[in-house]
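# Close look at the chain arrangement
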Amino acid sequence: MLANAARRLGQTLTRSLLPMEALAVGALQQQAAVTSGPAGAVYNVGKATNIKFHDGMVPRETKEQLLGQKGVVLWFTGLSGSGKSTVACTLEHALAARGKMTVLLDGDNVRHGLNKNLGFSAEDREENIRRIGEVSKLFAESGVITLTSFISPYRKDRESVRARMAPGDFLECYMRIPIEVCEQRDPKGLYKAARAGKIKNFTGIDDPYEEPLSPELVVDAKDEAGNMQSAEDMAATIMQYLEARGYLGAPAAEASDSEAATA
Ligand SMILES: Nc1ncnc2c1ncn2[C@@H]1O[C@H](COP(=O)(O)OS(=O)(=O)O)[C@@H](OP(=O)(O)O)[C@H]1O
Ligand SMILES: Nc1ncnc2c1ncn2[C@@H]1O[C@H](COP(=O)(O)OP(=O)(O)O)[C@@H](O)[C@H]1O
């Protein structure tokens, strides 16, 4: 696997970096297309004025060739206890075993650092999701398979993240696990505390969860035959989805993008 990666790296570097003249002359114009705004334009952004886009010299496509995969955000959403973190971890492990480069952003972890100034009011959840969306976008545009695990309860916040991304870069994965199941699992005792009134604004209890309307993937507790699905089963279905659509460097299969895949 390492030998293959080294060979791919060599080929990619030979193809895209060695002809330095070509890089210097033609490629700079070409690469403007892979950045987020027209070169040279000056913008006012929020409180900041005189902001310019700075174009990089290594386009996304080169990074994806180096990694042998396509950058994407796989956005897990669902109630607390629905299995977002478990399935995302399981999938990340399986992707690593196939030599795929991933990053996993998890609600609890991110709230220890980047988002430690945020709570669970509607405004704070919105800002939580906005920041994660922006971070995810940066990773995806660098060719990384980005797994995010956040309740992200509000539809408009998830749709805002989607709207910031190129088509095909944002895959919404709805963990459609009934609240009764999540509440029974309750690994952190949060539902119990919320029922007892010790935690306010708890999603599913006294704060809403708005189901996705057209997610790319839906994961159910049971499979079509009515058998309970393990986290490994769920991760395997998502892996197949990524593979069939060419995110893992495999040829794209004939699959309809209009239908949500179910696991
Ligand atoms: N009020 C309230 N509502 C929901 N969840 C709560 C709350 N307070 C704390 N927690 C814990 O925080 C985790 C959810 O964080 P997220 O960043 O994913 O939430 S959100 O997307 O901003 O809604 C969530 O983690 P998961 O159980 O992994 O989903 C909980 O452990
Ligand atoms: N497919 C599954 N089948 C049974 N239990 C699961 C499954 N996925 C996760 N769990 C369990 O459910 C609990 C909540 O999972 P977790 O991944 O922490 O959910 P979330 O990140 O959505 O809060 C954990 O105890 C975990 O072991």
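Scroll up to find the structure.
All figures in this text were calculated on a predicted structure; none of them were measured in a lab. (Residues numbered from 1 in each chain as written. Chains lettered and ligands numbered in written order. Predicted model: local features only at pLDDT ≥ 70, side-chain atom pairs only at ≥ 80, totals over all residues. Heavy atoms only, no water.)

Our next topic: the pattern of salt bridges. Scanning the entire structure with this criterion turns up 17 salt bridges. Between Glu134 and Arg164 there is a salt bridge, and its shortest N-O distance comes to 2.7 Å. You can see Glu134 sitting in helix 6 (residues 122-140) and its partner Arg164 sitting in the loop between helix 7 (155-163) and strand 6 (170-176), a full 30 residues away along the chain. Between Asp157 and Lys156 there is a salt bridge, and its shortest N-O distance comes to 2.9 Å. What makes Asp157 buried here is its relative accessible area of 6%. (Salt bridge = Lys/Arg side-chain N within 4 Å of Asp/Glu carboxyl O. Helix = DSSP H or I, 4+ residues; strand = E, 2+ residues; numbered from the N terminus. Buried < 20%, exposed > 50% of the residue type's maximum accessible area, 1.4 Å probe, protein only.)

Turning to a nonpolar patch on the surface, a few remarks are in order. Residues Tyr43, Val45, Ile51 and Phe53 make up a contiguous nonpolar surface patch of roughly 310 Å² in combined accessible area. Here Ile51 lies in strand 2 (residues 48-52). (Patch = residues over 30% accessible without salt bridge, like charges linked within 9 Å, V, L, I, M, F, W, Y side chains within 5 Å. Areas by Shrake-Rupley, 256 points an atom, 1.4 Å probe, with all protein chains shown as cover.)

Quantified by volume, the largest pocket comes out at close to 640 Å³. Contributing elements (two or more residues each) for the lining of the largest pocket: helix 4 (84-97), helix 5 (107-110), helix 6 and helix 9 (190-195). When its residues are assigned to classes, the lining of the largest pocket shows 10 nonpolar, 12 polar and nine charged. (1 Å grid on protein atoms, 1.4 Å probe; cavity = no way out; pocket = protein on both sides within 12 Å on 5 of 7 lines; lining within 4 Å. Points joined across faces, edges and corners; volume = space filled by probe spheres on them. Nonpolar A, V, L, I, M, F, W, Y, C, P; charged D, E, K, R; others polar.)

If you check the shell around ligand 2, you find 14 residues, and the closest are Gly81, Gly83, Lys84, Ser85 and Thr86. Residue Leu79 places a main-chain N or O atom 3.5 Å away from an oxygen atom belonging to ligand 2. Separating a nitrogen atom of ligand 2 from a backbone N or O atom of Gln229 is a distance of 3.0 Å. If you map ligand 2 onto the pockets, it falls in the largest pocket. Those elements that place two or more of their residues in the shell around ligand 2 are helix 4 and helix 10 (231-244). If one sorts the elements of the shell around ligand 2 by residue count, helix 4 sits on top with three residues. (Near = heavy atom within 4 Å. Polar contact = N/O pair within 3.5 Å; in protein donor to acceptor, adjacent residues only side chain to side chain. Sits in = over half its atoms within 2 Å of the grid points.)

The subject of this paragraph is the site of ligand 1. Contacts to ligand 1 come from 21 residues, most closely from Ser80, Arg111, Arg125, Asn128 and Ser152. In this structure, a nitrogen atom belonging to ligand 1 sits 3.4 Å away from a main-chain N or O atom of Lys200. Contact between ligand 1 and Asn201: a nitrogen atom at 2.8 Å from a main-chain N or O atom of the residue. Taken by itself ligand 1 offers 630 Å² of open surface, and the protein chains cover 92% of this. Taken together, the elements giving at least two residues each to the shell around ligand 1 come down to helix 5 and helix 6. In terms of residues, the shell around ligand 1 owes the most to one element, helix 6, which gives three residues. Tallied by class, the residues present in the shell around ligand 1 amount to eight nonpolar, seven polar and six charged.

Turning to the pairing of strand 6, a few remarks are in order. Of all seven residues in strand 6, six are buried; the element is thus mostly enclosed. Pairing analysis gives five bridges linking strand 3 (residues 72-77) to strand 6, with the strands arranged parallel. The residue bridging Thr77 from the neighbouring strand is Tyr174, located in strand 6. (Pairing = 2+ DSSP bridges.)

Before going further, it helps to examine the pairing of strand 4 (residues 102-106). Side-chain direction in a regular strand flips from residue to residue, so the side chains alternate between the two faces of the sheet. For strand 4, the tally of buried residues reaches four of five residues, placing the bulk of the element in the interior. As paired strands, strand 4 and strand 5 (residues 145-149) are joined by five bridges and run parallel to one another. Note that in strand 5 the partner of Leu104 across the bridge is Leu147.

Spatial relationships are all this shows, so hold off on functional conclusions.
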